[in-house]
Amino acid sequence: MSFGVGGLLLWLLVFPVLSVLPGGRLQRISRGQRVVHASFYFFIGLMHRTGVMTYEVNGLEKLNRPGQLIIANHPTLVDIVFLISRVRQANCIVKHSLWRNPFMRGPILNAGYISNGDPEKMIADCVAWLQSGGTMIIFPEGTRSVPGKPCRFQRGAATIALQANKIVTPVTISCYPSTLTKAEPWYQIPERRFHLAMQVGEDIALDEFTPIQPKSIAVRRFNRYLQDYFTQQRERYKDYGK
């Protein structure tokens, strides 16, 4: 509830003020992303202080670099909140249906987030953002993963990574005990507070994949590489925080 109310207050009180400040579109987007970052940082801190969750981040120093594509797995409902709370200025892909959500519309529009409504435009917008020096966060699964099932990645993230040819950094998110997953209703509360952990991996070199022709084969091979990587990492950290 506090998350929804916070989004509505940003839409009604904060973003109208930001919209009248001087500056072009990119400056407005920059301000919007920083406001979302600060609000998500506060929200994660609130959940921690009230005893809902504990958390840790390993390798934070590897994030917050220009032209960085952050690729992460997606076990819980709060993954994007957790990630953006640690990345000062980041773009991400948002379901087109959320443009009609009164709690989310304000942050989405003002932060310049990218819609998945048109896949070709989505890929082009993400590539352009990265090549301009912006940071992107992408969940290749497209939705939350199902516990116990292997990773199944859509090819959009691999396509964007190879077209942009910028920094690619993997982030493994784990949650114990399992909560806020696709297999559980959001109101189902675990018996103990959950622990959310973020492991920032080493940058993934693209040199092995960029020369491959045709590009469709390069995308398939890189997508398979990402699936294997995150399947191994997820197994490695499945009981982290137990």
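Shown above is the structure to which this text applies.
Residues numbered from 1 in each chain as written. Predicted model: local features only at pLDDT ≥ 70, side-chain atom pairs only at ≥ 80, totals over all residues. Heavy atoms only, no water.

**Some thoughts on the environment of Val52**
Summarising the element assignment, Val52 is placed in the loop between helix H2 (25-49) and strand S1 (53-58). Taking relative accessible area as the criterion, Val52 reaches 38% and is therefore assigned partly exposed. Separated by 140 residues in the primary sequence, Val52 and Arg192 place their C-alpha atoms 8.3 Å from one another. Here Val52 is in contact with Met47, Arg193 and Phe194, once residues within four sequence places are set aside. (Helix = DSSP H or I, 4+ residues; strand = E, 2+ residues; numbered from the N terminus. Buried < 20%, exposed > 50% of the residue type's maximum accessible area, 1.4 Å probe, protein only. Contact = heavy atoms within 4.5 Å.)

**A closer look at unusual backbone geometry**
Put simply, Tyr176 and Pro177 share a cis peptide bond, and its omega is -5°. Looking at where Pro177 falls in the secondary structure, it is placed in the loop between strand S6 (167-176) and strand S7 (194-200). Positive phi, close to 65°, is recorded for Asn64, a residue that is not glycine.

**Quick word on the sheet that holds S7**
Strand order in the open sheet formed by seven strands is S1-S7-S6-S2-S5-S3-S4, and the pairing between neighbours is mixed. Either end of the sheet is taken by a strand with one partner, and the two such strands are S1 and strand S4 (114-115). With five bridges connecting them, strand S2 (residues 68-72) and S6 associate as parallel partners. Residue Ile71 lies in a different strand from S6, and its bridge partner there is Pro170. (Pairing = 2+ DSSP bridges.)

**Details of the packing of helix H5 (residues 119-131) against helix H6 (residues 156-164)**
Any two packed helices are characterised by the angle at which their axes cross and by the distance between the axes. For the pair H5 and H6, the least separation of the axes is 9 Å and the interaxial angle reads 40°. In terms of orientation, H5 lies oblique with respect to H6. Two packed elements cross with a definite hand, and for H5 against H6 that hand is right-handed. For the pair H5 and H6, the contacting residues are Ile123, Cys126, Val127, Leu130 and Gln131 in the first and Thr159, Ile160, Gln163 and Ala164 in the second. Here the residues of the contact of H5 with H6 are counted per class, giving six nonpolar, three polar and no charged. (Axes fitted to C-alpha atoms, helices over the stretch in contact; angles between N-to-C directions. Parallel < 35°, antiparallel > 145°, perpendicular 65-115°, else oblique. Left-handed = near helix turned anticlockwise from the far one by under 90°. Nonpolar A, V, L, I, M, F, W, Y, C, P; charged D, E, K, R; others polar.)

**Here's the deal with a positive patch on the surface**
A contiguous patch of positive charge on the surface is contributed by Arg155, Arg220, Arg221 and Arg224. Within the secondary structure, Arg221 is located in helix H7 (residues 215-236). (Patch = residues over 30% accessible without salt bridge, like charges linked within 9 Å, V, L, I, M, F, W, Y side chains within 5 Å. Areas by Shrake-Rupley, 256 points an atom, 1.4 Å probe, with all protein chains shown as cover. Salt bridge = Lys/Arg side-chain N within 4 Å of Asp/Glu carboxyl O. Lys, Arg positive; Asp, Glu negative; His and termini not counted. Charge placed at Lys NZ, Arg CZ, Asp CG, Glu CD.)

**Here we look at H6**
By the criterion of burial, H6 is predominantly enclosed, with seven of the nine residues buried. By the burial criterion, the buried members of H6 are Ala157, Ala158, Thr159, Ile160, Ala161, Leu162 and Ala164. Residues of H6 that are buried make contact with S2, strand S3 (91-94), H5, strand S5 (136-138), S6 and H7.

**Some details on the packing of aromatic side chains**
Considering all chains together, one arrives at six aromatic pairs under this definition. Here Phe209 and Phe222 contribute two aromatic rings whose centre-to-centre distance is 5.0 Å and whose plane-to-plane angle is 55°, an arrangement assigned as tilted. Taken together, the residues span a long stretch of sequence, with Phe209 in the loop between S7 and H7 and Phe222 in helix H7 at a distance of 13 residues. The buried category is assigned to Phe209, whose relative accessible area is 4%. (Phe/Tyr/Trp six-rings, centres within 6.5 Å; stacked < 30°, edge-to-face > 60°.)

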